[in-house]
Amino acid sequence: MTHADALRAELSRAARTLGAPDDVSPILERPRDPSFGDWATNLAMTLAKPLGKKPRDIAEALIAAMDMASVGVTAAEIAGPGFLNFRLDPGFQARGLLTILESPNTFGRLDIGHGERVVVEFVSANPTGPLHVGHGRQAALGDAISTLLEYTGWNVDREFYYNDAGAQIANLAKSTQAQVRAIGGAPLEIPEGGYHGDYIREIAERYVAEHPDDAAGDDLAAMQAYAVAALRHEQDLDMQAFGVKFDTYYLESSLYTDGSVNKTVEGLRASGHTYEEEGALFLRTTDFGDDKDRVMKKSAAKGGDYTYFVPDVAYHVTKWERGYHRAINVQGADHHSTITRVRAGLQALDIGIPKGYPDYVLHQMVTVMKGGEEVKISKRAGSYVTVRDLIDEVGRDAVRYFYLMRKGDSQLVFDVDLARSQSEENPVYYVQMAHARMCGIFRVGEIDATTVTGSGVDLGVLAEPAEQELVKQLLDFPATVKGAADNLEPHRIAAWLLETARAGHTWYHKHHVLGEPEAITRARLVLARATQLGIAAGLRILGLSAPERM
RNA sequence: GCGCCUAUAGCUCAAUUGGAUAGAGCAUCUGACUACGGAUCAGAAGGUUGGAGGUUCGAGUCCUUCUAGGCGCGCCA
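First, a word on scope: everything that follows refers to the structure included in this document. (Residues numbered from 1 in each chain as written. Chains lettered and ligands numbered in written order. Predicted model: local features only at pLDDT ≥ 70, side-chain atom pairs only at ≥ 80, totals over all residues. Heavy atoms only, no water.)

**Looking at the overall build of chain A**
Summing up its helical and strand segments, chain A has 21 helices and 15 strands in all. Projecting the C-alpha coordinates of chain A onto the three principal axes gives extents of approximately 85 × 60 × 40 Å. Here chain A holds 550 residues, and the buried ones make up 50% of them. Within chain A, residue pairs in contact and separated by at least 24 positions form 72% of the contacts whose partners lie at least 6 positions apart. By element, 50% of the accessible surface of chain A is carried by carbon and sulfur atoms, the whole surface being about 24900 Å². Taken together, the 57 basic and 75 acidic charged side chains of chain A have centroids lying 3 Å from each other. (Helix = DSSP H or I, 4+ residues; strand = E, 2+ residues; numbered from the N terminus. Buried < 20%, exposed > 50% of the residue type's maximum accessible area, 1.4 Å probe, protein only. Contact = heavy atoms within 4.5 Å. Areas by Shrake-Rupley, 256 points an atom, 1.4 Å probe, with all protein chains shown as cover. Lys, Arg positive; Asp, Glu negative; His and termini not counted. Charge placed at Lys NZ, Arg CZ, Asp CG, Glu CD.)

Next comes the structure, spelled out in structure tokens:
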């Protein structure tokens with residue numbers, strides 16, 4: 001139980017003695033202005049209506065009813081329209097640090113998920129080209145969201161869905177074939193809707209070298225398989241360079257071969273939500289909030305294939321059937337129209353899948369600037385900036401932090417030319433530096449940091465304002481983790497790290513640890529150790545390294 | 001035209017989900033290195049939160065409307 005929990009409980013108890021309902025749950029906040037104290041609550045204002053009294057009178061009664069000493073409160077004041085401000089005993093507050101030292105690996109961890117399984121799907125790029133900067137945002141977001149969920153008690157699987165079937169793959173195969181034939185001397189004719197990137201040429205060259213029997217480029221299936229395998233391998237290397245590991249790779253093609261697509265179509269037909277029109281099969285998605293019905297199966301005149309959303313529905317059925325009762329899809333905002341469609345398909349099947357399944361985290365587009373101009377990202381035209389370029393340019397940590405420091409639903413401008421100069425001022429180094437500094441204290445003092453337990457240390461001497469601020473900041477970590485996990489917003493961790501680093505740097509600069517009177521050195525070592533562990537924990541959630549020296 | 005997202009300091013972004021005097025970084029200006037790392041610190045300046053109404057003790061946050069931008073609206077994926 002954190003100190004905030006204890007204070008909340010005491011507030012609830014006091015409120016009930018005044019006649020408040022049993023389920024009263026006071027909200028504690030850190031006041032913006034530290035001169036207002038360490039904790040503040042608006043409880044008296046929210047109770048004004050149900051109790052029929054003035055907020056300030058209720059606040060006074062609450063103060064009288066509370067046992068302040070038991071929760072370390074040294075002063076309580078009423079302010080403004082009825083805020084209650086609490087001031088804490090410094091030593092009482094600092095003892096919260098001991099929980100960090102006792103179990104560094106569980107600091108901030110919560111059990112919201114109760115070990116239930118959740119699948120987080122992200123990147124899911126078609127194997128038709130290298131991963132570009134937009135995929136990088138997904139990789140950073142998806143990975144951090146996954147770690148956040150693990151941190152809060154979920155059993156998480158990271159999944160990559162490969163659209164290795166359908167029209168785009170056929171285009172890839174034909175584009176490869178055109179390049180293979182061009183190598184053989186034929187004029188280069190990239191098909192309509194085909195891919196123009198140089199990487200197709202390279203794949204074709206390797207194909208020719210490894211398939212001397214098909215120099216003419218007649219075996220389209222072989223070229224398709226070869227190109228897909230080559231691009232999947234490239235994408236794997238990209239993700240490896242970014243430090244992202246997937247637990248499962250799910251192939252769209254398998255949904256056809258194992259009968260899932262057919263089963264889904266039969267289920268939808270049986271549901272009564274389908275109809276035929278002009279030779280095509282439609283799903284009445286308007287029954288589930290879509291603005292128009294969608295084609296499931298094209299008419300014979302258009303090829304008679306299933307449209308993409310049919311395997312998409314089948315795919316999400318497998319998620320449910322594989323035991324994931326929670327599913328989160330991280331996708332670019334350009335895919336948002338699929339949300340209604342997929343959910344409609346799952347509802348139409350009526351197989352017990354809840355309405356909001358799956359969850360979506362949409363992120364806005366990434367714009368790339370190069371040479372002062374916007375680079376239009378187009379795989380088909382062959383113009384883009386890859387994730388790997390970015391990592392090579394500025395480093396993994398800086399790229400990850402850059403993606404994660406802002407909310408997903410704001411657009412992101414990535415200026416490639418400024419990437420390097422920005423990287424030197426990237427806040428991630430500021431944060432890592434704070435961690436390295438704490439490590440430096442132990443290095444210079446020749447102290448094994450793991451032996452600092454805080455037992456027998458009087459933490460009451462950590463009374464300097466800079467120390468109290470750092471203590472409070474560190475103890476806010478669990479609440480920050482909860483907020484970030486509940487909202488699937490890793491940028492909150494980035495913001496916490498920045499604040500903590502600032503508080504750490506300030507404290508470090510103002511107050512010396514080593515060479516002080518023993519009582520002070522011992523207490524400050526506890527604070528240094530807690531800061532080191534806290535920052536490392538935050539960095540770990542975002543997938544960033546915590547270097548001991550820089 | 002319809003749907004989703006966005007608009008906050010010169011720039012890039014926050015704001016504990018409706019709380020008190022809207023905060024950081026970068027850039028600009030002024031200061032601080034003989035102590036654990038100056039990749040740092042202290043300070044200054046910078047705002048009608050796109051406009052207008054509304055809801056209430058209280059609005060950057062919720063509602064209405066307007067403006068501007070992004071994305072989507074296919075028998076493409």
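**Description of the protein's contact with RNA strand B**
Lining the immediate environment of RNA strand B, one finds 60 residues, of which Arg 32, Tyr 430, Arg 437, Asn 487 and Arg 492 sit closest. Among all atoms of RNA strand B positioned within 4 Å of the protein, those belonging to sugar or phosphate total 64%. The backbone of Lys 407 places a nitrogen or oxygen atom 2.6 Å from a phosphate oxygen of RNA strand B. Side-chain polar atom of Arg 437 to a phosphate oxygen of RNA strand B: 2.5 Å apart, as the coordinates give it. Where the surface near RNA strand B is concerned, the elements lending two or more residues are strand 4 (83-88), helix 13 (337-349), helix 17 (427-444) and helix 20 (491-510). (Near = heavy atom within 4 Å. Polar contact = N/O pair within 3.5 Å; in protein donor to acceptor, adjacent residues only side chain to side chain.)

**Some thoughts on the pattern of salt bridges**
Pairing between side chains of opposite charge can happen when their charged atoms approach one another. As enumerated under the stated definition, the model contains 25 salt bridges in all. Here Arg 388 and Glu 234 are joined by a salt bridge, their closest N and O atoms 3.1 Å apart. With Arg 388 in helix 14 (residues 387-394) and Glu 234 in helix 9 (residues 220-242), this residue pair connects regions lying 154 residues apart in the sequence. Judged by its relative accessible area of 25%, Arg 388 is partly exposed. For Glu 499, the salt bridge goes to Arg 502, with nearest N and O atoms at 3.1 Å. Within this pair, Glu 499 and its partner Arg 502 are both found in helix 20, separated by 3 residues, close to a single helical turn. Looking at Glu 499, the relative accessible area reads 39%, which means it is partly exposed. The exposure class of Arg 502 is partly exposed, given its relative accessible area of 37%. (Salt bridge = Lys/Arg side-chain N within 4 Å of Asp/Glu carboxyl O.)

**Brief notes about the packing of aromatic side chains**
This structure, assessed with the given rule, holds 14 aromatic pairs. Between Phe 160 and Phe 246 the ring centres are 5.2 Å apart and the planes differ by 80°, which places this aromatic pair in the edge-to-face class. Highlighted residues: Phe 160 in strand 6 (residues 155-162) and Phe 246 in the loop between helix 9 and strand 7 (248-251), separated in sequence by 86 residues. There is no split in this pair, since Phe 160 and Phe 246 are both buried. Pairing Phe 242 with Tyr 403 gives two aromatic rings, centres 6.4 Å apart and planes at 85°, and the pair type is edge-to-face. With Phe 242 in helix 9 and Tyr 403 in helix 15 (residues 396-404), this pair connects stretches of sequence that are 161 residues apart. Both residues of the pair, Phe 242 and Tyr 403, count as buried. Taken together, Phe 122, Phe 160, Tyr 162, Phe 246 and Tyr 249 form an aromatic cluster joined through their ring pairs. The ring of Tyr 306 carries Lys 297 above its face, with NZ or CZ at 5.8 Å from the centroid. (Phe/Tyr/Trp six-rings, centres within 6.5 Å; stacked < 30°, edge-to-face > 60°. Lys NZ or Arg CZ within 6 Å of the ring centre and 35° of its normal.)

**Some words on the sheet that holds strand 3 (residues 73-79)**
Strand order in the open sheet formed by 4 strands is 1-2-4-3, and the pairing between neighbours is antiparallel. Bordering the open sheet on either side are strand 1 (28-29) and strand 3, each of which pairs with just one other strand. Where strand 1 lies against strand 2 (residues 39-41), 2 bridges are found, and the strand directions are antiparallel. Paired with Glu 29 across the strands is Ala 40, a residue of strand 2. (Pairing = 2+ DSSP bridges.)

**Topic: helix 14**
Listed in full, the buried residues belonging to helix 14 are Val 387, Leu 390, Ile 391 and Val 394. In a view along the axis of helix 14, the buried residues occupy a sector of 95°, so they form one face of it. Backbone geometry just after helix 14 places Gly 395 at a positive phi near 95°. (Arc of directions from axis to C-beta.)

**A word on the sheet that holds strand 7**
Read across the open sheet, the 5 strands follow the order 7-6-5-11-12; overall the sheet is parallel. The sheet is open, and its two edges are formed by strand 7 and strand 12 (359-363), each paired on a single side. With strand direction ignored, the average angle separating the axes of adjacent strands in the sheet is 25°. Where helix 6 (residues 133-151) meets the sheet, its contacts fall on strand 5 (117-121), strand 6, strand 11 (326-332) and strand 12, and the angle it forms with strand 11 comes to roughly 155°. Each of strand 6 and strand 7 is contacted by helix 9, which is oriented at about 145° to strand 6, the strand it contacts most. (Axes fitted to C-alpha atoms, helices over the stretch in contact; angles between N-to-C directions.)

**Description of the pairing of strand 3**
The side chains of a regular strand alternate between both faces of the sheet. Summarising the sheet, strand 3 and strand 4 pair through 6 bridges and their orientation is antiparallel. Paired with Ala 76 across the strands is Phe 86, a residue of strand 4. Taking the residues between adjacent antiparallel strands as the criterion, strand 3 and strand 4 are bridged by 3 residues, where Gly 80 takes a positive phi near 55°.

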